[in-house]
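Below, each chain spelled out in residue letters.
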Amino acid sequence: MNNKFLFLVSFFICMILLVYSEIDGEEKIQAPEFKEMYKKMLLEKRKAQHEAAKRIADLGNKKKENEMLKVVINKLFETLKSSLENLAKKNKNNDKKLRIDKDTIEDVSSVIENCAFASDLALRFPKYFHKVYDKNQNWQFTLETAISITLQSKLADETSEKAIYLMSQELDIIKKEPNYSNQFSSEKVNE
């Protein structure tokens with residue numbers, strides 16, 4: 001991993017801890033100031049994710065690209081699954097409503113970030129993503145759950161939400177709109 005990425009992750013965690021040292025309840029986490037600060041931090045993380053997807057696309061060698069995608073996508077779904085399991089364990093009320101507080105924010109953040117990154121990969125590398133995703137029901141359930149949590153949290157920025165919406169169409173999670181088009185579909189990965 002590059003140092004800039006590690007710095008951004010460290011900065012992000014420090015900012016969350018700083019926010020937590022100043023808040024004293026779940027209603028404060030839902031405060032507009034927290035949401036706006038989180039969205040700004042998420043935008044920085046998303047820049048790094050866009051750059052990572054671009055670097056994979058720029059490898060110029062389909063075999064290396066496929067190997068890198070395999071590693072990245074497997075890690076992405078492993079991380080999503082772990083974060084979702086942690087959230088399920090922390091949901092003390094067994095309530096369907098997403099609880100965002102000091103005990104869950106790290107896992108909610110992980111779900112949002114990885115769901116958004118999944119949208120980058122699914123849209124930029126649709127053929128490869130379909131190849132590994134379509135036959136894996138566990139991943140399908142994981143991603144659908146992650147999408148739901150991301151949208152319920154109301155912490156994702158507008159651009160990430162749009163990408164997730166487009167990914168949902170690309171992967172047939174929701175019905176495609178008549179005018180749906182993926183700009184990267186002509187750059188599909190060879191099987």
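Residues numbered from 1 in each chain as written. Predicted model: local features only at pLDDT ≥ 70, side-chain atom pairs only at ≥ 80, totals over all residues. Heavy atoms only, no water.

Mind showing me how you'd approach the packing of helix H3 (residues 32-57) against helix H5 (residues 105-124) here?
The relative placement of two packed helices comes down to the angle between their axes together with the axis-to-axis distance. At their nearest, the axes of H3 and H5 sit 10 Å apart, and the two run at 35° to each other. Our pair here, H3 against H5, has a crossing hand that is right-handed. Here Phe-34, Tyr-38, Leu-42, Lys-45, Arg-46, Gln-49, His-50, Ala-52, Ala-53, Lys-54 and Ala-57 of H3 lie close against H5, whose contacting residues are Ile-105, Ser-109, Ile-112, Glu-113, Ala-116, Phe-117, Ser-119, Asp-120, Leu-121 and Arg-124. Broken down by class, the residue content of the contact of H3 with H5 amounts to eleven nonpolar, four polar and six charged. (Axes fitted to C-alpha atoms, helices over the stretch in contact; angles between N-to-C directions. Helix = DSSP H or I, 4+ residues; strand = E, 2+ residues; numbered from the N terminus. Left-handed = near helix turned anticlockwise from the far one by under 90°. Contact = heavy atoms within 4.5 Å. Nonpolar A, V, L, I, M, F, W, Y, C, P; charged D, E, K, R; others polar.)

Would you mind showing me how to read unusual backbone geometry here?
Among all residues save glycine, negative phi is the norm, and among peptide bonds the norm is trans. Non-glycine residue Lys-154 carries a positive phi angle of around 60°. Although it is not a glycine, Asp-172 adopts a positive phi angle of roughly 60°. Along the polypeptide, Asp-172 turns up in the segment after helix H8 (158-170).

Sorry if this is basic, but what is going on with the packing of H5 against helix H7 (residues 137-153) here?
At a minimum axis separation of 9 Å, H5 and H7 run at an interaxial angle of 115°. Between H5 and H7 the crossing geometry is left-handed. For the pair H5 and H7, contact is made by Val-108, Val-111, Ile-112, Cys-115 and Ala-118 and by Leu-143, Ala-146, Ile-147, Ile-149, Thr-150 and Ser-153, respectively. Residue classes in the contact of H5 with H7 are distributed as nine nonpolar, two polar and no charged.

Would you take a moment to explain the confidence of the model for the protein chain for this structure?
Low pLDDT marks regions whose predicted coordinates should not be analysed in detail. Counting all residues, the mean pLDDT for the protein chain is 83, and 78% of those residues have values of 70 or more. Residue range residues 187-191 is modelled with pLDDT below 50. Its contacts to residues more than four positions away, or to other chains, number 16 contacts. (pLDDT = per-residue confidence, 0-100.)

In this structure, what is going on with the pattern of salt bridges? I would like to understand it.
The full count for this structure, using the stated rule, is ten salt bridges. The shortest N-O distance in the salt bridge between Asp-58 and Lys-54 comes to 2.8 Å. (Salt bridge = Lys/Arg side-chain N within 4 Å of Asp/Glu carboxyl O.)

Even after reading the chapter, I still don't get the side chain of Thr-150, so can you show me in this structure?
Along the chain, Thr-150 falls in helix H7. Excluding its chain neighbours within four sequence positions, the residues that come into contact with Thr-150 are Val-111, Ile-112, Cys-115, Ala-156 and Ile-164.

Please explain the packing of aromatic side chains as it appears in this structure.
Aromatic rings in a pair are described by how distant their centres are and how their planes are angled relative to each other. Enumeration over the complete set of coordinates arrives at five aromatic pairs. Relative to Phe-129, the ring of Phe-77 has its centre 6.3 Å away and its plane inclined at 45°; by these criteria the two rings are tilted. Note that Phe-77 is positioned in helix H4 (residues 62-90) and Phe-129 in helix H6 (residues 126-133), a separation of 52 residues in sequence. The exposure class of Phe-77 is buried, given its relative accessible area of 2%. We classify Phe-129 as buried; its relative accessible area is 1%. (Phe/Tyr/Trp six-rings, centres within 6.5 Å; stacked < 30°, edge-to-face > 60°. Buried < 20%, exposed > 50% of the residue type's maximum accessible area, 1.4 Å probe, protein only.)

What's the story with the environment of Asn-86 in this structure? I'm lost.
With respect to the helices and strands, Asn-86 occurs in helix H4. Asn-86 sits in the partly exposed class, given a relative accessible area of 26%. For the pair Asn-86 and Val-108, spaced 22 residues apart in sequence, the C-alpha to C-alpha distance is 9.5 Å. Reaching out from Asn-86, the side chain makes a polar contact with the side chain of Asp-107 at a distance of 3.2 Å. (Polar contact = N/O pair within 3.5 Å; in protein donor to acceptor, adjacent residues only side chain to side chain.)

Would you explain the nonpolar core in this entry?
Looking at soluble globular proteins, one finds that nonpolar side chains tend to be buried together. Residues Ile-73, Phe-77, Leu-121, Phe-129, Leu-143, Leu-155 and Met-167 are the most contacted members of the largest nonpolar core, which totals 39 residues. Those elements that place two or more of their residues in this core are H3, H4, H5, H6, H7 and H8. Among the elements that make up this core, the one with the highest residue count is H5 (nine residues). Not counting residues within four places of it along the chain, the set of residues in contact with Phe-77 comprises Phe-129, Tyr-133, Trp-139, Thr-142 and Leu-143. (Core = buried A, V, L, I, M, F, W, Y, C linked by side-chain atoms within 4.5 Å.)

In this structure, what is going on with the environment of Glu-170? I would like to understand it.
Relative to the helices and strands, Glu-170 resides in helix H8. C-alpha of Glu-170 to C-alpha of Pro-126: the two residues are 44 residues apart in sequence and 7.7 Å apart in space. Setting aside residues up to four positions removed in sequence, Glu-170 forms contacts with Ala-122, Leu-123, Pro-126, His-130, Lys-176, Tyr-180 and Asn-182. At 2.9 Å, the side chain of Glu-170 forms a polar contact with the side chain of His-130.

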